[in-house]
Amino acid sequence: MAKTSSAQPVFRFAPSPNGLLHLGHALSAMLNHDMAQASNGRFLLRIEDIDRTRCRPEFETAIVDDLAWLGLEWEQPARRQSDHLDVYASALKRLDDMGLAYPSAMSRGEIKAAVADAETRGLVWRRDPDGAPLYPGRERDLGRDARNAILAGNKPHAWRLDMQRAVLAAGATPLTWQETGHGPEGETGLIAADPTAWGDVILSRSDAPSSYHLSVVVDDALQGITHVVRGRDLYHATAVHRLLQRLLDLPEPVYHHHRLLLGADGRKLSKSNRDTGISAFREAGRTPADIRALIL
């Protein structure tokens, strides 16, 4: 049975400072804040700024300004992932020491070519829940010398989880999670986790010392998060998070996946698509009450 983190509920909002917050972020932040207040719990802010190429200080400042304008209050100081890279490195080393991680150097182009070649020969290549082809696992069983050559070389590389070995190491007890929200098909209650659907997921890259999967479970454990409230687009990723929690002996939070706000074209709101930021609504004369009425 998984451990529980704390008697007092602890919620968090964890944005990445790689763009301006949009209404979808406001929905997630407000839900976490309101659920914390309703349960006499704690509300934390975490800045997920591991991506060195896209995260900027000005976006972090804008995030704090937007959340404060919305009337949200969180415990100080906010946790900044870039201040804790050693913690993620330690978790990665633990998985490596368990024989569950390996370095991989295939580029996206090489992966795409390998998949295209297999499919031209009539093979069906499995894809993850987001539609991306599973990693071929070419380096999964390399010897020590070949592995060291990857690490010593100049070519960018990633560390990946050996999914097959990891699932075996997790033991015979089924992986599940408690869902108080709803999945894409209305799933709720006790959910069976299938991390194998994701293949050998990335744990870190040359340009990012930890992946989202690894850092999020480590941070949630260290911050004592008891309730993870986030968008439904991360519902399937919970299977990977439950596996990593089992392997690293971390507490199991309750999960609540909420609806996504969609644009006029039916797609979810996104920073990369430059959907209208919260600050733009503020500048247009809208109030925090207007935002609440609009999204809640």
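This text goes with the structure placed above it.
What you are looking at is a predicted structure, and each value in this text was computed from that prediction instead of being measured. (Residues numbered from 1 in each chain as written. Predicted model: local features only at pLDDT ≥ 70, side-chain atom pairs only at ≥ 80, totals over all residues. Heavy atoms only, no water.)

(A) Highlighting helix H7 (residues 212–222). Burial analysis of H7 places 8 of its 11 residues in the buried class, which makes it a mostly covered element. The set of residues buried in H7 consists of His213, Leu214, Ser215, Val216, Val217, Val218, Asp219 and Asp220. Note on H7: the residue one or two positions beyond its end, Gly224, has a positive phi of about 70°. (Buried < 20%, exposed > 50% of the residue type's maximum accessible area, 1.4 Å probe, protein only. Helix = DSSP H or I, 4+ residues; strand = E, 2+ residues; numbered from the N terminus.)

(B) The arrangement of the sheet that holds strand S8 (residues 202–205) in detail. The 3 strands lie next to each other as S4-S5-S8, forming an open sheet whose pairing is antiparallel. Unpaired on one side and paired on the other, strand S4 (101–104) and S8 mark the two borders of the sheet. For this sheet, the mean angle separating the axes of adjacent strands, direction not counted, is 25°. Bridge analysis of strand S5 (residues 158–161) against S8 gives 3 bridges, and the strand direction is antiparallel. (Pairing = 2+ DSSP bridges. Axes fitted to C-alpha atoms, helices over the stretch in contact; angles between N-to-C directions.)

(C) Geometry of unusual backbone geometry. At the junction of Gln76 and Pro77, the peptide bond is cis and its omega measures out at -5° in the coordinates. Mapped onto the elements, Pro77 comes out in the loop between helix H2 (57–69) and strand S3 (79–80). Its identity is not glycine, yet Asn40 carries a phi of approximately 55°, on the positive side. With respect to the helices, strands and loops of the structure, Asn40 is situated in the loop between helix H1 (23–38) and strand S2 (42–47). Its identity is not glycine, yet Asp249 carries a phi of approximately 60°, on the positive side. Relative to the assigned elements, Asp249 resides in the loop between helix H8 (238–247) and strand S10 (254–258). For Asp249, a relative accessible area of 48% gives the class partly exposed.

(D) Expanded view of H1. Along its 16 residues, H1 runs 22 Å from first to last C-alpha, staying within 8% of the 22 Å computed at 1.5 Å per residue. Those residues of H1 that sit buried are Leu23, Gly24, His25, Ala26, Leu27, Ser28, Ala29, Met30, Asn32, His33 and Ala36. Trailing H1 by a residue or two, Asn40 shows a phi angle of about 55°, which is positive. (Expected span 1.5 Å × (residues − 1).)

(E) Highlighting the packing of aromatic side chains. All chains considered together, the criterion is met by 1 aromatic pair. Considering the side-chain rings of Trp177 and Tyr235, the 5.2 Å spacing of their centres and the 70° angle between planes classify their relative orientation as edge-to-face. Taken together, the residues span a long stretch of sequence, with Trp177 in strand S6 (residues 176–179) and Tyr235 in the loop between strand S9 (227–231) and H8 at a distance of 58 residues. The pair formed by Trp177 and Tyr235 is uniform in burial state, with each residue classed as buried. The ring of Tyr135 carries the charged tip of Arg160 above its face, separated from the ring centre by 3.7 Å. (Phe/Tyr/Trp six-rings, centres within 6.5 Å; stacked < 30°, edge-to-face > 60°. Lys NZ or Arg CZ within 6 Å of the ring centre and 35° of its normal.)

(F) Fine view of the nonpolar core. Core analysis: the largest hydrophobic core is formed by 38 residues, its most contacted members being Leu95, Leu161, Leu203, Leu214, Leu243 and Leu247. Secondary-structure elements contributing two or more residues to this core are helix H3 (85–97), S5, helix H6 (163–169), H7 and H8. Ranked by residues supplied to this core, first place goes to H8 with 5 residues. With sequence-adjacent residues up to four places away left out, Leu214 is seen in contact with Tyr88, Ala91, Leu92, Leu95, Leu203, Leu244 and Leu248. The next biggest cluster of nonpolar side chains, apart from the first, holds 23 residues, and it includes Phe11, Leu70, Leu72 and Leu261. (Core = buried A, V, L, I, M, F, W, Y, C linked by side-chain atoms within 4.5 Å. Contact = heavy atoms within 4.5 Å.)

(G) Up close: the pattern of salt bridges. Tallying each qualifying case throughout the model produces 22 salt bridges. Close ionic contact of Arg12 with Asp220 constitutes a salt bridge, the shortest N to O distance being 3.1 Å. You can see Arg12 sitting in strand S1 (residues 10–13) and its partner Asp220 sitting in helix H7, a full 208 residues away along the chain. Accessibility classification places Arg12 together with Asp220 in one group, the buried group. Put simply, Arg46 and Asp219 hold a salt bridge, and the shortest N to O gap is 3.6 Å. Here the residue Arg46 occupies a position in strand S2, and Asp219 occupies one in helix H7, the gap between them amounting to 173 residues. On the basis of relative accessibility, which here comes to 0%, the residue Asp219 falls in the buried class. (Salt bridge = Lys/Arg side-chain N within 4 Å of Asp/Glu carboxyl O.)

Coordinates in, geometry out; function isn't part of it.
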